[in-house]
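Letter by letter, the chains look like this.
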Amino acid sequence: MSAVVVVGAQWGDEGKGKVIDFLAQQADMVVRHQGGNNAGHTVVVGDEEYRLHLIPSGILYGDKLCVIASGVVIDPRVLFEEMDYLARRGIGTDRLRISSQAHLIMPYHARMDALSEDRLGVNKLGTTLRGIGPAYMDKAARVGLRVGDLLQPQAFAVRLKRVLDEKNRLFARAYDVEGFDYDELLQTYLSYGEQLRPYVANTSVIINDAIDAGSRVLFEGAQGTMLDIDHGTYPFVTSSHPVAGGACIGAGVGPTKISQVYGVVKAYTSRVGDGPFPSELLNALGSDIRDRGHEYGTTTGRPRRIGWLDSVVLRHAARVNGLTGIAVTRLDVLDGLPELKIAVAYRYHGELMQEFPDNAEMIDEVEPVYETLPGWSQSINQVRQFEDLPDQARAYLTRISELIQVPLVLVSVGRERTNTIPLTALF
Ligand code: IMP
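Cut-offs and rules
- Residues numbered from 1 in each chain as written.
- Predicted model: local features only at pLDDT ≥ 70, side-chain atom pairs only at ≥ 80, totals over all residues.
- Heavy atoms only, no water.
- Axes fitted to C-alpha atoms, helices over the stretch in contact; angles between N-to-C directions.
- Helix = DSSP H or I, 4+ residues; strand = E, 2+ residues; numbered from the N terminus.
- Parallel < 35°, antiparallel > 145°, perpendicular 65-115°, else oblique.
- Left-handed = near helix turned anticlockwise from the far one by under 90°.
- Contact = heavy atoms within 4.5 Å.
- Nonpolar A, V, L, I, M, F, W, Y, C, P; charged D, E, K, R; others polar.
- Domains from an automatic or database assignment.
- Buried area = accessible area lost by both parts, 1.4 Å probe.
- Salt bridge = Lys/Arg side-chain N within 4 Å of Asp/Glu carboxyl O.
- Polar contact = N/O pair within 3.5 Å; in protein donor to acceptor, adjacent residues only side chain to side chain.
- Near = heavy atom within 4 Å.
- Areas by Shrake-Rupley, 256 points an atom, 1.4 Å probe, with all protein chains shown as cover.
- Buried < 20%, exposed > 50% of the residue type's maximum accessible area, 1.4 Å probe, protein only.
- Pairing = 2+ DSSP bridges.

Which parts of the structure should I look at to understand the packing of helix α2 (residues 76–88) against helix α6 (residues 182–196)?
Relative orientation and spacing of two packed helices are given, respectively, by the angle between their axes and the distance between those axes. At a minimum axis distance of 10 Å, the contact between α2 and α6 shows a crossing angle of 45 degrees. In this view, α2 runs oblique relative to α6, as classed from their interaxial angle. The element α2 and its partner α6 pack so that their crossing is left-handed. Contact residues: α2 offers Pro76, Arg77, Leu79 and Phe80, while α6 offers Tyr189, Tyr192, Gln195 and Leu196. Its residues assigned to classes, the contact of α2 with α6 comprises six nonpolar, one polar and one charged.

Okay, structure coming up:
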């Protein structure tokens, strides 16, 4: 039995796309189980760069079954755009399966996302404005529409009418904006349903059967631990569960089926959107790292906030995910920096804290306590063996692993598949 979950250990954008692509080589099936097109994965294969938001990046291999499971929220328009984008590049999607239970992102969700961010003003969350939060809100409120509903046109028409009447009332009365036309929306979504029909399946059965048959299944987490709705920096979080347990809920597999949980750790920290970020670098060094690392969002193009590596965050991630290994990415971005800092604890009103605070007000006031390590001067991009890394780079990696008590399983030193140093068998 081999089911591996890969999660982001920080605030997303850790380089999961690259790590998942590397692991996918050995997988038979790749599963997306939460989030939606708020995610953005960039995968570089030779001279080609692929940007995916919804379809598991395993699709690039051509021989993996790729699953969008029930925990994902799907904007069909974006999905079709992504399928066309892949088709134009000669990549077929006939090995894609989509859960009938996955919820649909409707145009009113994106509008609601924008209106509520606007209304929050300076307190906005900095969402991706893709309608993710409102789609999950409707799911929890039990007024969501699901992929499977599209395959039952009559029932869908009735449900849509009921939901849309309510949404349009809300738009008119609470926001004073026009609503959506029922007939137009119905026709558009029913035609989406026909396009989706060949892909729709009971994906929990497919995934469990694959695990039971001894296939290698890779669960591709989106976003990151600190954006988890329960275990992240609430309310500045996404509306799903990027933590490892989210794979079980979002894919319909039991926790006993998961064999490994790898946390992807960027060698420094970044965050896009608003919210607390204790080790943030609001200085020229932060801008320098942003430029070296091309730290601009894949989905929204927004500049990412940059900071030192924070082992308090990583210890939290190790605990809430039950990490069995870490994959450290973008180590090459730190080439040439004379020294590197790692936050090893926080100070709160003079007291030392080892654990990430469970209270939003405290998080705003903590000050990181740093440990300083020497940097390395040479370029590490071409290194392929851990032993060939400069001493300082090895010491940095070893220290990270020691601080969070999780073994290092992989190091990424560049964007391409080949710029990867695996330290152990990963499946
Ligand atoms: P939402 O997921 O669009 O509702 O946005 C909520 C928060 O999660 C915002 O701070 C977003 O910037 C952040 N977020 C959502 N998806 C990603 C991601 O894939 N990477 C990094 N941040 C993300």
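After that view, the rundown keeps rolling.
Looking at this model, I keep getting lost on the domain arrangement of the protein. Mind explaining?
One frequently used descriptor of interface size is the decrease in accessible area upon assembly of the parts. Considered domain by domain, the protein is made up of domain 1 (2–90 + 202–422) and domain 2 (103–199). Taking the mean C-alpha position of each, domain 1 and domain 2 sit 29 Å from one another. Taken together, the 26 residues of domain 1 in the interface contact 21 residues of domain 2. Across the interface of domain 1 and domain 2, roughly 1900 Å² is buried in total on both sides, 61% from carbon and sulfur atoms. By the criterion of area lost to domain 2, the three top residues of domain 1 are Val73, Pro76 and Phe80, representing 28% of everything that side buries. Connecting domain 1 to domain 2 are one salt bridge. Lys124 serves as the salt-bridge partner of Asp274, at 3.1 Å between the closest nitrogen and oxygen. For the pair domain 1 and domain 2, the interface holds eight residue pairs in polar contact (both at pLDDT 80 or more). Elements with a contribution of two residues or more to the side of domain 1 that touches domain 2: β6 (73–74) and α2. Among the elements that make up the side of domain 1 that touches domain 2, the one with the highest residue count is α2 (five residues).

Quick question: what am I supposed to make of the site of the ligand here?
The full set close to the ligand counts 15 residues, and Asn38, Thr128, Thr238, Val272 and Arg302 are the nearest of them. One nitrogen or oxygen atom from the side chain of Thr128 is found 2.6 Å from an oxygen atom belonging to the ligand. One of the side-chain nitrogen or oxygen atoms of Thr238 is found 2.6 Å away from an oxygen atom of the ligand. When the free accessible area of the ligand is taken as 470 Å², the share hidden by the protein chains comes to 96%. Class assignment for the residues of the shell around the ligand results in six nonpolar, seven polar and two charged. Composition of the shell around the ligand by domain shows at least three residues from each of domain 1 (2–90 + 202–422) and domain 2 (103–199).

Which parts of the structure should I look at to understand the environment of Ser240?
Mapping Ser240 onto the fold places it in the loop between β10 (216–220) and α8 (245–251). A residue is classified by how much of its surface remains accessible, and Ser240, at 4% relative accessible area, is buried. Spatially, the C-alpha atom of Ser240 lies 8.8 Å from that of Ile132, the residues being 108 residues apart in sequence. Not counting the four nearest positions on each side in its chain, Ser240 is found in contact with Gln34, Gly35, Tyr136, Gln223, Leu227, Asp228 and Ile229. Among the polar contacts made by the side chain of Ser240, one reaches the side chain of Gln34 at a distance of 3.0 Å.

Got a minute to help me understand the pairing of strand β11 (residues 260–266) in this structure?
Consecutive side chains along a regular strand alternate between the two faces of the sheet. The buried fraction of β11 is high, at six of seven residues. Taken together, the five bridges between strand β1 (residues 2–8) and β11 define a ladder with parallel strand orientation. Note that in β11 the partner of Val6 across the bridge is Tyr262. Examined bridge by bridge, β11 and strand β15 (residues 325–329) share five bridges and lie parallel to one another. Across the sheet, residue Val265 finds its bridge partner in β15, namely Val328.

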